[in-house]
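One-letter residues, chain by chain:
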Amino acid sequence: MFNTPHLLDQLVSLTGIRDLELLESSLLKTLNGFILPSVLTLYKVSSRGEIRSQLVFGPERCTVIRENFQVQPELMQAFREHRASEQGSLQLALADCILSVMTVMESRSSTTYLVIGSQQSLREEDNRMIGGMLQIYRNFCQLLQESQTDSLTGLANRKTFDECFSRVYELQPLDEEECAVAVEQRKPHQQTTYWIAMIDIDHFKSVNDRFGHLYGDEVLILLAQLLKNALRNDDLVFRFGGEEFVLMIRCQDRAEAAGLLERLRASVEEQVIPQVGHITISMGATEMMRNTFAGTLLDYADKALYYSKQNGRNRLTFFEDMESMGLATRETAPSENLDFF
Ligand SMILES: Nc1nc2c(ncn2[C@@H]2O[C@H](COP(=O)(O)OP(=O)(O)OP(=O)(O)O)[C@@H](O)[C@H]2O)c(=O)[nH]1
């Protein structure tokens, strides 16, 4: 029998989370509290049927597996069958336990499956309760996604940038119990650097003036698509509003960042946009330093972008170059012990 007050507490805790990654581990934790299964795992499966990741619930912490998956062929088959079916839960009897497979989320590119292992089949009431919980989870994810997304382009919005920034350098203390999974994932890699690039479309006002606002919107959507396609999995792209976009990219060094951004600039220049023709973008970039506030880094990138605009547009400027040319100075770094929040 489910304990209603405990269930409500768990749901309050689940819907208090504002981070989609943490939400998944919290969902597993909530489910574990009710059904105490021997196996509790979320599988992300691409639309081509390949496993992308596995989030495994453990008593101490959830573990994310991103490679070397060991998945029983019967389970892979169940994923395929479950996708094609309308069933709430598909049961799979293996030698040592019974697996129940349920669809958690479905998008164009992937499906997330919940796999619950137990000695006996789940009871009808368990199935109904889990189904209800998954529906609450889906509704909440959708709300969260909408609040983090720019409605025109589908890119992450400015608010999400602030959250991602904090994550990259762990400025924001995470709740150890709920976030054990994330802590490990988010440690910055030792020999990589992060870069922020601010992007602004050149003479965008004239696009609106010549072709109308609707065409202007189309240009924004196409540029967003182009940026997303050009970047790698780990890179992030945000629309800050208007015709301003911000990238957060991870590179080995400045040369790699410059190469990626230059390729991006060139690919925008080459693109032929129906009716509108060609557009260009100007960019300003800077390295993300551990002891510098997000606002300060954005200000550096903005200064570099302004320099690009003032010096011919359709170009990339690094704030660091402006510094070495004596055109800009860096703010004094705050002390390591500074209280950020
Ligand atoms: N279509 C469309 N236009 C927008 C949107 N947001 C802002 N704009 C327009 O973007 C234009 C920005 O123009 P400006 O900031 O003057 O600069 P610009 O013409 O791009 O010139 P430079 O930046 O100096 O190269 C304005 O015309 C805004 O109305 C939007 O969501 N959709």
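Structure's up top.
Residues numbered from 1 in each chain as written. Predicted model: local features only at pLDDT ≥ 70, side-chain atom pairs only at ≥ 80, totals over all residues. Heavy atoms only, no water.

### Notes on the nonpolar core
To keep it simple, the criterion reads: For the purposes of this section, nonpolar cores are sets of buried Ala, Val, Leu, Ile, Met, Phe, Trp, Tyr and Cys residues that join through side-chain atoms within 4.5 Å. Three labels apply to residues, based on accessible area from a 1.4 Å probe with only protein chains included: buried if under 20% of the type maximum, exposed if over 50%, partly exposed otherwise in between. Numbering goes from the N terminus for both helices and strands, where a helix is a DSSP run of H or I of at least four residues and a strand is a run of E of at least two. Residue contacts follow a heavy-atom distance rule, with two residues in contact if any of their heavy atoms lie within 4.5 Å.
In terms of nonpolar packing, the biggest core is built from 32 residues, with Leu247, Ile249 and Leu261 touching the most fellow members. Those elements that place two or more of their residues in this core are β7 (193–201), α7 (204–211), α8 (213–230), β9 (244–251), α9 (254–270), β10 (281–287) and β11 (316–318). Residue contributions to this core peak at six residues, all from α8. In this structure leucine 261 touches Ala197, Leu247, Ile249, Met283, Ala285, Leu316 and Phe318, once residues within four positions along its chain are discounted. Within the second largest apolar cluster, 23 residues are counted, among which are Leu23, Leu55, Phe57 and Val104.

### Describing the sheet that holds strand β3 (residues 63–65)
Formally: In short, DSSP must find at least two bridges between two strands for them to pair. Angles run from 0 to 180 degrees between N-to-C directions of axes, and those axes are lines fitted to C-alpha atoms, restricted for helices to the stretch in contact.
Pairing is antiparallel across the open sheet formed by six strands, whose spatial order is β3-β2-β1-β6-β5-β4. Two strands bound the open sheet, and with one partner strand each, they are β3 and β4 (90–93). For this sheet, the mean angle separating the axes of adjacent strands, direction not counted, is 25°. Where strand β2 (residues 51–56) meets β3, three bridges bridge the pair, whose relative direction is antiparallel. When the sheet's bridge partners are listed, valine 56 is paired in β3 with threonine 63.

### A few points about the packing of aromatic side chains
Inclusion rule: What counts as a ring pair is set by centres within 6.5 Å for rings of Phe, Tyr and Trp (its six-membered ring), and what kind of pair is set by the plane angle: stacked under 30 degrees, edge-to-face over 60, tilted for all other angles.
Under the definition given, this model contains eight aromatic pairs. Between phenylalanine 79 and tyrosine 113, the ring centres sit 4.5 Å apart and the planes meet at 15°, which makes this aromatic pair stacked. With phenylalanine 79 in helix α3 (residues 73–84) and tyrosine 113 in strand β6 (residues 110–118), the pair connects residues that are 34 residues apart, well separated along the chain. Judged on exposure class, the residue phenylalanine 79 and its partner tyrosine 113 are both buried. Among the aromatic side chains, those forming a connected cluster through ring pairs are Phe161, Phe165, Phe238 and Phe240.

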